[in-house]
Amino acid sequence: MALKKPAPTAPSSDDERRLARDLPGLLSALAAADPLARRWAARDLAAHPNASRALVDRLRIETEPSVSQVILTTLTRLGDEIAVAGLTECLRSEDAMLRNAAIEAMKQLPDEVAPVMEQLLKDDDPDVRIFAVDVLESLRHPRVEEWLIRVIAEDPHVNVCATAVDLLGEVGSERAVPTLHALKARFVDEPYIQFAADLALKRIAQG
């Protein structure tokens, strides 16, 4: 009677975490061929404040979306200067999923993101400036309105201003009114700017 070869068993979480869980072991696992091992390593590195650089470096080359997502979550939990810089760099990514995930992560770090926000809003790339405004959408920071007012007062790109004025219609106060009128005068031939600025002014007037 022929012997039947036992069916292979699916790896358990213990198999995926078989390397040492100290920092050197986790950094080795972060570079493993197995994406499950990389995912566990990225999650467990949240307990190591010195892991941000390795996580950012891995994020730049990671090809498995589930691993990238865990890396972003861990960077959000660490929230140090290196982590924030890594999240910020994702705003330049051609990968829309990664970029949007980084935007959501940055929204959770208002105090940590604030020091780099002015630089982002003055970036040479208008797309990066737009994404920075997207971060402001849910960024619970007292300077959000100030930043938005500065954008619509100074940014030369109509799409950046349009994104900012949309948000200003939701969070703006009386202090934004003069700048909204100035924006209308600056982009007098742009129908959307006229519409969005009028809507923002109406919402502010209604309190």
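The rules behind each value
- Residues numbered from 1 in each chain as written.
- Predicted model: local features only at pLDDT ≥ 70, side-chain atom pairs only at ≥ 80, totals over all residues.
- Heavy atoms only, no water.
- Axes fitted to C-alpha atoms, helices over the stretch in contact; angles between N-to-C directions.
- Helix = DSSP H or I, 4+ residues; strand = E, 2+ residues; numbered from the N terminus.
- Parallel < 35°, antiparallel > 145°, perpendicular 65-115°, else oblique.
- Left-handed = near helix turned anticlockwise from the far one by under 90°.
- Contact = heavy atoms within 4.5 Å.
- Nonpolar A, V, L, I, M, F, W, Y, C, P; charged D, E, K, R; others polar.
- Domains from an automatic or database assignment.
- Buried area = accessible area lost by both parts, 1.4 Å probe.
- Core = buried A, V, L, I, M, F, W, Y, C linked by side-chain atoms within 4.5 Å.
- Buried < 20%, exposed > 50% of the residue type's maximum accessible area, 1.4 Å probe, protein only.

### Observations concerning the packing of helix H2 (residues 23-30) against helix H3 (residues 35-44)
Across the interface, H2 lies against H3 with an axial gap of 7 Å and an inter-helix angle of 140 degrees. Here H3 runs oblique to H2, going by the angle between their axes. Of the two possible hands of crossing, H2 and H3 adopt the one that is left-handed. Between H2, through Leu26, Ala29 and Leu30, and H3, the contact on the second element is made entirely by Ala37, Arg38, Ala41, Ala42 and Asp44. Split into classes, the residues belonging to the contact of H2 with H3 amount to 6 nonpolar, no polar and 2 charged.

### Quick notes on the packing of helix H4 (residues 52-61) against helix H5 (residues 65-78)
When two helices pack together, you describe them by how their axes are tilted relative to each other and by the distance separating the axes. Relative orientation of the contacting elements H4 and H5 amounts to 150 degrees, with a least axis distance of 10 Å. In this view, H4 runs roughly antiparallel relative to H5, as classed from their interaxial angle. H5 is crossed by H4, and the crossing has left-handed handedness. Across the interface between the two elements, Ser52, Leu55, Val56, Arg58 and Leu59 of H4 pack against Ser68, Ile71, Leu72, Thr74, Leu75 and Leu78 of H5. Classifying every residue of the contact of H4 with H5 by side-chain character gives 7 nonpolar, 3 polar and 1 charged.

### Thoughts on the domain arrangement of the protein chain
Taken domain by domain, the protein chain holds domain 1 (20-108) and domain 2 (111-207). Of note, the centres of domain 1 and domain 2, computed from C-alpha atoms alone, are 30 Å apart. Taken together, the contact pairs 9 residues of domain 1 with 13 residues of domain 2. Summed over both partners, the interface of domain 1 with domain 2 buries about 1100 Å², with 70% contributed by carbon and sulfur atoms.

### Observations concerning the nonpolar core
Side chains of nonpolar character tend, in soluble globular proteins, to be buried together. Formed by 65 residues in total, the largest nonpolar core has its most connected members in Leu55, Met117, Leu136 and Leu180. Two domains each provide a minimum of three residues to this core, namely domain 1 (20-108) and domain 2 (111-207). Leaving out residues up to four positions away in the same chain, Leu55 has contacts with Leu30, Ala42, Leu45, Ile71, Thr74, Leu75 and Leu78.

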